Amino acid sequence: AQPAHIVGFLDDNKKLHGSNIQGAEVLGAIESIGRWISKRRPDEVVIAIAGLKGVIVKSIFAETQKAGIACRIVPNIGDILVGRLGNNLRRVSVED
């Protein structure tokens, strides 16, 4: 498997927009995900925000489904610490 190549980050904190994290740009707000999927054409989207509201996860998932790309989510840190999920990303499902 090839190592992941990060094409950008989305964050609702406007102060971060335009900055770089480990060489990848913070592109804009989460609500702009559809536009960035079209522009950057990622192979998958990884949700890495702890405690993200279900409605937002569903919105992100809908955009990835529309674009035909995978969507995975970083497990809750509590689940990782107690060994419930390991440290693997899991696929987002409609139930999320």
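As a reminder, the structure under discussion sits directly above these lines.
Note that the structure is predicted; figures quoted are calculated from it, not measured. (Residues numbered from 1 in each chain as written. Predicted model: local features only at pLDDT ≥ 70, side-chain atom pairs only at ≥ 80, totals over all residues. Heavy atoms only, no water.)

Q: Would you mind going over the overall build of the protein with me for this structure?
A: Regarding its fold elements, the protein presents three helices and six strands. Walking the protein from its N terminus toward its C terminus, one meets helices and strands in the order β-β-β-α-β-α-β-α-β. Here the protein holds 96 residues, and 26% of them are scored as buried. Across the protein, every contact between residues at least 6 apart in sequence was considered, and the portion connecting residues at least 24 apart equals 35%. By element, 51% of the accessible surface of the protein is carried by carbon and sulfur atoms, the whole surface being about 7000 Å². (Helix = DSSP H or I, 4+ residues; strand = E, 2+ residues; numbered from the N terminus. Buried < 20%, exposed > 50% of the residue type's maximum accessible area, 1.4 Å probe, protein only. Contact = heavy atoms within 4.5 Å. Areas by Shrake-Rupley, 256 points an atom, 1.4 Å probe, with all protein chains shown as cover.)

Q: Whenever I open this one, helix H1 (residues 33–40) confuses me. Can you help?
A: Three- or four-residue spacings in an α-helix give side chains the same orientation, since the helix completes a turn every 3.6 residues. Residues of H1 that are buried include every one of Ile33, Gly34, Trp36 and Ile37, and no others. Seen from one end, H1 has its buried residues packed into an arc of 165 degrees, which puts them on one side. For H1, the exposed residues set more than 90 degrees away from the buried face come down to Ser38 and Lys39. Residues of H1 that are buried make contact with strand S1 (9–10), strand S3 (24–28), strand S4 (44–47) and helix H2 (54–67). Positioned one or two residues after H1, Arg41 has a phi angle of 50 degrees, which is positive. (Arc of directions from axis to C-beta.)

Q: Help me understand the environment of Gly18, please; the structure alone is not making it clear to me.
A: Locating Gly18 in the fold gives a position in the loop between S1 and strand S2 (20–21). Classification of Gly18 by relative accessible area gives partly exposed; the value is 47%. Along the backbone, Gly18 and Gly28 are 10 residues apart, and their C-alpha atoms lie at a distance of 7.6 Å.

Q: What is the right way to read the packing of aromatic side chains from this model?
A: Pairs of aromatic rings are described using the distance from one ring centre to the other and the angle between the two planes. Per the stated rule, a full pass over the model turns up zero aromatic pairs. Between the NZ or CZ atom of Lys39 and the centre of the ring of Trp36, over which it lies, the distance is 4.9 Å. (Phe/Tyr/Trp six-rings, centres within 6.5 Å; stacked < 30°, edge-to-face > 60°. Lys NZ or Arg CZ within 6 Å of the ring centre and 35° of its normal.)

Q: Just to check I follow, could you spell out the sheet that holds S1 for this structure?
A: Strand pairing in a sheet relies on backbone hydrogen bonds. The paired strands run either parallel or antiparallel. On the basis of which strands lie adjacent, the open sheet formed by three strands has the order S1-S3-S2 and mixed pairing. Each having just a single partner strand, S1 and S2 make up the two edges of the open sheet. Bridge analysis of S1 against S3 gives two bridges, and the strand direction is parallel. From the neighbouring strand, Leu10 faces S3, where its bridge partner is Gly28. Together, S1 and S3 form the strand contacts of H1, whose direction differs from that of S3 by roughly 135 degrees. (Pairing = 2+ DSSP bridges. Axes fitted to C-alpha atoms, helices over the stretch in contact; angles between N-to-C directions.)

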